[in-house]
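# Residue-level structure breakdown
Residue-level listing of the chains:
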Amino acid sequence: MSNTSKIREILETVETLSPAGFAIAFHIRLTSPDFLFQTYAKEWTDLYSEKGYVMVDPIVRWGFTETGSIRWSSLGEYDDHNVLEQSLAFGMTYGVAIATETNGSRSCAGFSRGDREFTDDEIAVLSAHVQDLHDLTASNTGMGDKMRQELQALSIKMTHPGTTKG
């Protein structure tokens, strides 16, 4: 199985575990990731972009300074702009943030659902998947241009469904 196929398979599993959507930013440099996979509601991502929430998002703020996982319900001290409260209107009632860093490269993820908190077992599975995806998308693994293009196309397809074919 190719790395791209493994990545697609893992993302499908993650999507199933996160019925209200997710966002995973891989290999963040300053504020820009190498790859961003996102399935949150378009209305939320539009509002998020319009308001410039990336720099005040408690998930991002926590993920820039910590590694591991934390439920959104424990991120209150990071949410002085009420980003998580605003996300409730889009069905993102419960969530977990996960961050990892390897060899100075950091990835950060947020997963959400509307019905209940994530279980410890689900968080463990999501954490393992984030680490696997982090490793599979690392540029220092000799990623070729073809794989980079495939991942960029997949990122666009997931973040903006209906805009690409394939």
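This is a predicted model, so every value here is computed, not measured.

This brings us to the packing of helix 1 (residues 3–17) against helix 5 (residues 120–136). Look at helix 1 against helix 5: their axes get within 10 Å of each other, and the N-to-C directions meet at 155°. Considering their axes alone, helix 1 and helix 5 lie roughly antiparallel with respect to each other. When you trace helix 1 past helix 5, the crossing you get is left-handed. Along the contact surface, helix 1 presents Asn3, Lys6, Ile7, Ile10, Leu11, Thr13, Val14 and Leu17, while helix 5 presents Glu122, Val125, Leu126, His129, Asp132, Leu133 and Leu136.

Time to look at the environment of Arg29. Relative to the helices and strands, Arg29 resides in strand 1 (residues 21–29). Under the relative-accessibility criterion, Arg29 is labelled partly exposed at 45%. Sequence separation between Arg29 and Arg106 is 77 residues, and the spatial gap between their C-alpha atoms is 8.0 Å. The contact partners of Arg29, leaving out residues within four places of it in the chain, are Asp34 and Ser105. Separated by 2.8 Å, the side chain of Arg29 and the backbone oxygen of His27 make a polar contact.

Criteria and cut-off values
Residues numbered from 1 in each chain as written. Predicted model: local features only at pLDDT ≥ 70, side-chain atom pairs only at ≥ 80, totals over all residues. Heavy atoms only, no water. Axes fitted to C-alpha atoms, helices over the stretch in contact; angles between N-to-C directions. Helix = DSSP H or I, 4+ residues; strand = E, 2+ residues; numbered from the N terminus. Parallel < 35°, antiparallel > 145°, perpendicular 65-115°, else oblique. Left-handed = near helix turned anticlockwise from the far one by under 90°. Contact = heavy atoms within 4.5 Å. Buried < 20%, exposed > 50% of the residue type's maximum accessible area, 1.4 Å probe, protein only. Polar contact = N/O pair within 3.5 Å; in protein donor to acceptor, adjacent residues only side chain to side chain.

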